[in-house]
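Summary of structural features
Each chain, letter by letter, is given below.
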Amino acid sequence: MKVCFETFGCRLNKAEALQMEAEYLAKGWETTKTHKDADLFVVRGCSVTRRAQEDCEKLIAHLRHRYPAKVIRVCGCLSQATRSKTREDSEPDEVPVPIRTARAYLKVQDGCAGKCTFCIVPKFRGSSKSVDFVRVLDQAKRFVDAGYHEIVVTGCNLALYSSQGKRLHDLLLALADIDTGCRIRLGSVEPGIGTLETVRAMSERPNICRFLHLPIQSGANRILKAMCRPYLVHDVDEVISTATALMPNLGLGCDLMTGFPDESELDFTATVGLLKRFPFSKAHVFPYSRRPGTPAAGFPNQIARTVKTTRARQLTEAALAARQKFAQSFIGKTVELVIEDAQKVSGWTGEYLPCKIEGSVVPRKKLVRARVYNVKGDLLRAHLIKEK
């Protein structure tokens with residue numbers, strides 16, 4: 001029996017999909033990327049934006065029409081209507097370790113207690129739930145034993161992690177101490193309560209990747225308040241200023257939304273100013289997507305699509321220039337990367353920049369050090385530093 005996985009959306013979805021894939025393999029299934037060879041389809045969907053949901057639903061409709069006799073299992077953030085005609089499998093007694101990827105994805109939290117006016121995810125994921133602290137560490141140890149040298153910590157809202165009196169910063173330190181030869185990469189974390197402690201924890205362990213991603217959304221307090229985000233611009237400034245002071249050459253990422261209802265030119269200018277005020281190296285920019293069932297969908301002064309896309313393009317261009325400037329700063333420096341593509345001898349640095357090693361053969365999953373000699377766009381070109 002063969003199963004085909006189709007996964008949309010965020011790192012959390014990817015982590016869940018990889019775990020489910022490992023479960024099927026443990027049960028004796030084979031995986032395939034070809035639809036015609038599959039006996040079962042597992043579609044892990046995303047509804048964060050209207051386009052993402054439409055893409056998922058389009059694929060599901062195609063599979064149902066083209067392969068009416070085959071079973072489709074729909075998971076993730078999709079409506080119950082979309083989930084119809086699907087099947088659920090029982091959980092295995094022992095969770096196997098995914099082995100297909102070069103980096104391990106560790107889910108530690110799910111759901112969200114936030115009431116953001118634009119977000120529909122809590123309707124699908126529910127309230128915040130944290131994976132037991134000891135269980136998380138046990139799974140991480142199993143990843144290390146399986147040969148992984150990087151673990152990506154994922155969740156729906158990582159800032160809400162709480163188990164046995166432990167918060168996210170406690171978890172990061174404990175994960176980093178399992179094996180100093182394994183990198184820990186933090187997923188997206190909201191600025192606000194507990195984030196400063198998380199930043200300080202990152203700075204205390206060299207094997208925690210120097211990359212911090214903040215879903216900021218806007219640089220205007222008026223818009224953040226309308227979004228019901230749990231922070232204001234001064235909180236963002238404090239987190240970033242602290243992080244960059246503690247960790248020079250920090251890779252800094254963000255999510256930025258354009259065209260939220262009633263966003264003025266002044267509000268947009270404030271977001272541009274935030275992007276230029278700090279050394280962001282990666283920005284995910286997207287126009288506001290009106291989601292039925294969210295408060296913001298009913299707000300007055302909805303922004304025209306052309307305005308939203310124009311603003312998104314302006315931010316994207318500024319972000320790309322900042323990313324390339326950040327990459328240039330690594331010429332002559334030493335970086336660490338986990339090899340993801342053994343043929344190209346390439347992977348991601350701790351600062352989340354792509355890097356290609358020239359003139360060497362390195363196996364996949366291996367953590368290596370290299371010296372950067374050139375940059376093309378945001379791609380670092382480097383020579384391997386051979387360990388003595």
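Provided above is the structure to which this section pertains.
What counts, and where the lines are drawn
Residues numbered from 1 in each chain as written. Predicted model: local features only at pLDDT ≥ 70, side-chain atom pairs only at ≥ 80, totals over all residues. Heavy atoms only, no water. Pairing = 2+ DSSP bridges. Helix = DSSP H or I, 4+ residues; strand = E, 2+ residues; numbered from the N terminus. Axes fitted to C-alpha atoms, helices over the stretch in contact; angles between N-to-C directions. Buried < 20%, exposed > 50% of the residue type's maximum accessible area, 1.4 Å probe, protein only.

Time to look at the sheet that holds strand S16 (residues 346-349). An order of S15-S16-S17-S19-S18 is seen for the five strands of this closed barrel, with the pairing classed as mixed. This sheet shows a mean twist of 50° between the axes of neighbouring strands, independent of strand direction. Across four bridges, strand S15 (residues 334-341) lies against S16 in antiparallel orientation. The residue of S16 that forms the bridge with Asp-341 is Ser-346.

Hairpin remark: S15 followed by S16, antiparallel, with four residues in the connecting loop; positive phi at Val-345, about 50°. Bridge analysis of S16 against strand S17 (residues 354-358) gives three bridges, and the strand direction is antiparallel. Within S17, the residue paired with Trp-348 across the bridge is Pro-354. Hairpin connection, S16 to S17: the antiparallel pair is bridged by four residues, and Tyr-352 has positive phi, about 70°.

The bulk of non-glycine residues show a negative phi, and the bulk of peptide bonds are trans. The backbone of Asn-249 shows a phi angle near 65°, a positive value even though the residue is not glycine. Within the element layout of this structure, Asn-249 appears in the loop between helix H9 (233-246) and strand S13 (251-258). Asn-249 sits in the partly exposed class, given a relative accessible area of 36%. Of note, Asn-301 is a non-glycine position whose phi angle comes to about 60°, a positive value.

Now for the environment of Ala-22. Within the fold, Ala-22 resides in helix H1 (residues 11-26). For Ala-22, a relative accessible area of 5% gives the class buried. Separated by 146 residues in sequence, Ala-22 and Leu-168 have C-alpha atoms that sit 26 Å apart.

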